[in-house]
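# Topology and contacts: notes
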Amino acid sequence: MTGGGSGGHITPLLSLARELKKAKPQCRVVYVGLKGDRLDGLQDRYEVFDQVCYIAAGKFRRYHGESFLAHLIDVKTILLNFRDFFRTIIGVYSAGKILKKIGPAVVFSKGGFVAVPVGIAAHRARIPIVTHDSDASAGLSNRILGRWAAVHTTGMPPEMYNYPPATTRFVGVPIDERIQAVTPARQVDFKSQIGIMPESLVLLAVGGGLGSQNINKLLLEAAPRLLKQAPNLFIVHITGRQHQAEVLADYNAQLAPLLRQRVKVIGFSGELYKYSGAADIVITRAGATALAELAVQGKACIVIPSAFLSGGHQLLNAQSLADAAKILTDNVTTEEFVATVNQLIKDRALRLQLAQRMAARAKPEAASTLAKVLLEVAGAGV
């Protein structure tokens, strides 16, 4: 297995590895990741892998919405891409040595730039490749490797991709195996676990693994009004580790003590499912893994896709949710943001409707389905 660069790439690999072990206990799973990756809170779950290896790889930097002229005069990015081309060559050599040593029956690419050298090495060694794309558009790494893939698996319906229909399988997005549908009783239990009264209405804001400055700013500006207007509201704000101290100081400065008691500020949590499980409303970016997890839990969401990530994939992910979530743009005003949150706070029926529509999109069996595809390709079908 290979993939990296974010928790959205690694989390599906962890759940997939567990499903492979369930289906075929003698199956040996090796993970090849990016040298230097720091994915806090995930490495301690790597025990599911029989072996973990790291290689160098190069990233091709490009930014959605940037003009062709901006690309041409962005000297720093050009130099970094030139440097990373050689890192990729080194990565192909390193990956080839690893593949020769372990002799895998199949190579699985979750995407991320570390997948490119592993996939090239697998093609050279005539090892079958299976790719998986979680987002509504195929990532660059899997588009490169796709020409050699035996099977292209997808997180969203196959018509959203340009892969050959005969080799494309819609499986969904594998998610953290701890995530399940949240009943009212389970929600009360999650609230208790994180120290919130069961009668509180919980608003969770999370901007992805590294946090989102835009979401942090919006919620900081909106929080005083939201807390005053809804006496039972409790805010859980996951800021990203690097933003925690600054956001915490801002809340301390702008909120009166009684309001401040109803805000919990967290930099990062390896148990995000508990906070999302407790939530009545979730403010989130549009990463495919995060959306798949919230669908399984059945949550009413306000989705603010990042407009600048490569390929605009979060914008496409959000578009696919048009009838299942409230979609706001990255340049939403504080007034528009407050109005949207207040609408969901006041309208329980609307929250329930959105939660049900999200739940209807869930594919909780994605990891087991994908495991079966891999074992079939490897010649060890179950």
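Preceding this paragraph is the structure being described.
Residues numbered from 1 in each chain as written. Predicted model: local features only at pLDDT ≥ 70, side-chain atom pairs only at ≥ 80, totals over all residues. Heavy atoms only, no water.

What follows deals with the pattern of salt bridges. Counted by the stated rule, this structure contains 11 salt bridges. A salt bridge links R18 to E177; the shortest N-O distance between them is 3.4 Å. Here R18, found in helix α1 (residues 7–23), pairs with E177, found in the loop between β6 (168–170) and α6 (184–193); they are 159 residues apart in sequence, far enough to count as distant. With a closest N to O distance of 3.4 Å, K22 and E19 form a salt bridge. Of this pair, K22 and E19 both sit in helix α1, 3 residues apart, roughly one helical turn. The network of salt bridges with common partners includes R18, E47 and E177. (Salt bridge = Lys/Arg side-chain N within 4 Å of Asp/Glu carboxyl O. Helix = DSSP H or I, 4+ residues; strand = E, 2+ residues; numbered from the N terminus.)

This brings us to the nonpolar core. Side chains of a nonpolar character, in soluble globular proteins, are inclined to be buried together. In this structure, L203, L219, L226, L233, Y251, I283 and F337 are the most contacted members of the largest nonpolar core, which totals 34 residues. No other element matches the 8 residues that helix α7 (residues 213–229) contributes to this core. Dropping the residues within four chain positions of it, L203 is found in contact with L219, L226, L233, F234, I235, V236, I281, I283 and V341. Of all hydrophobic cores here, the second largest spans 32 residues; its members include V173, V182, F190 and V206. (Core = buried A, V, L, I, M, F, W, Y, C linked by side-chain atoms within 4.5 Å. Buried < 20%, exposed > 50% of the residue type's maximum accessible area, 1.4 Å probe, protein only. Contact = heavy atoms within 4.5 Å.)

So, about the packing of aromatic side chains. Overall, the coordinates contain 5 aromatic pairs when judged by the stated rule. Aromatic pair Y31 and F49: ring centres 5.1 Å apart, planes at 20°, arrangement stacked. Residue Y31 is located in strand β1 (residues 30–34), and its partner F49 is located in the loop between β1 and β2 (51–55); the two are separated by 18 residues in the primary sequence. With respect to burial, Y31 and F49 carry one shared label: buried. (Phe/Tyr/Trp six-rings, centres within 6.5 Å; stacked < 30°, edge-to-face > 60°.)

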